[in-house]
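Reading the structure
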Amino acid sequence: MRAHPEGYPGPRPTATAIHYVLGAGEESRWHRVRGAELWLWHRGGELTLLLGGAGEVPVSDPERVRVGPAVERGQAPQAVVPPGTWQAARPAHDEAVLVSCVVSPGFDFADFELHPGENGTTES
């Protein structure tokens with residue numbers, strides 16, 4: 001199903017989804033998308049999802065969201081990244097993580113911005 005959301009340059013799917021693994025030691029670079037993004041944990045270790053605000057560049061002290069199965073230890077099995085928010089992710093420990101990401105309105109590279117910095121996350 002497609003729609004033309006207000007403020008978008010053209011029609012988009014109402015939602016899109018990807019399913020992938022972030023391996024131990026891997027991290028995504030800072031990026032943002034125009035739509036809201038829902039992260040869903042499936043298997044493996046805990047994921048650290050960094051939220052860097054919606055300014056020109058990611059903030060130097062991003063919010064950290066712990067995504068994983070152990071709700072009793074402060075993890076969340078899913079997390080939402082608000083539209084236009086800088087985000088990066090990495091396994092919290094030395095264990096791969098299987099996740100899905102759902103974007104609504106659906107992902108389109110025209111709505112994607114990759115931060116030009118050298119690496120994806122902050123030092124800590």
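Our structure is the block above this text.
To start, this report covers the structure provided alongside it. As the structure is a computational prediction, the values presented were derived from the model and not from experiment.

To continue, consider the pattern of salt bridges. In this structure the tally under the stated criterion is six salt bridges. Between Arg-34 and Asp-111 there is a salt bridge; the shortest N-O distance is 3.7 Å. Of this pair, Arg-34 sits in the loop between strand E4 (31-33) and strand E5 (36-44) while Asp-111 sits in the loop between strand E10 (97-104) and strand E11 (112-114), and the two are 77 residues apart along the sequence. Across the pair Arg-64 and Asp-61 runs a salt bridge whose closest N-O atoms are separated by 4.0 Å. Taken together, the shared-partner salt bridges in this structure form one network comprising Arg-12, Arg-34, Asp-108 and Asp-111.

Now for the side chain of Gln-87. Note on placement: Gln-87 falls in strand E9 (residues 87-91). With relative accessibility at 1%, the residue Gln-87 sits in the buried group. The contact partners of Gln-87, leaving out residues within four places of it in the chain, are Arg-29, Trp-30, His-31, Val-33, Glu-37, Trp-39, Leu-49, Leu-50, Leu-51 and Val-81.

This part covers the layout of surface pockets. In this structure, the largest pocket spans a volume of roughly 310 Å³. Put simply, the parts of the chain that give the lining of the largest pocket at least two residues each are strand E3 (16-22), E4, E5, E10 and E11. For the lining of the largest pocket, the element with the highest residue contribution is E3, accounting for four residues. Of the residues contributing to the lining of the largest pocket, the split by class is ten nonpolar, three polar and two charged.

Residue Pro-105 follows Ser-104 across a cis peptide bond; omega there is -10°. Looking at where Pro-105 falls in the secondary structure, it is placed in the loop between E10 and E11.

Reading the values: rules and limits
Residues numbered from 1 in each chain as written. Predicted model: local features only at pLDDT ≥ 70, side-chain atom pairs only at ≥ 80, totals over all residues. Heavy atoms only, no water. Salt bridge = Lys/Arg side-chain N within 4 Å of Asp/Glu carboxyl O. Helix = DSSP H or I, 4+ residues; strand = E, 2+ residues; numbered from the N terminus. Buried < 20%, exposed > 50% of the residue type's maximum accessible area, 1.4 Å probe, protein only. Contact = heavy atoms within 4.5 Å. 1 Å grid on protein atoms, 1.4 Å probe; cavity = no way out; pocket = protein on both sides within 12 Å on 5 of 7 lines; lining within 4 Å. Points joined across faces, edges and corners; volume = space filled by probe spheres on them. Nonpolar A, V, L, I, M, F, W, Y, C, P; charged D, E, K, R; others polar.

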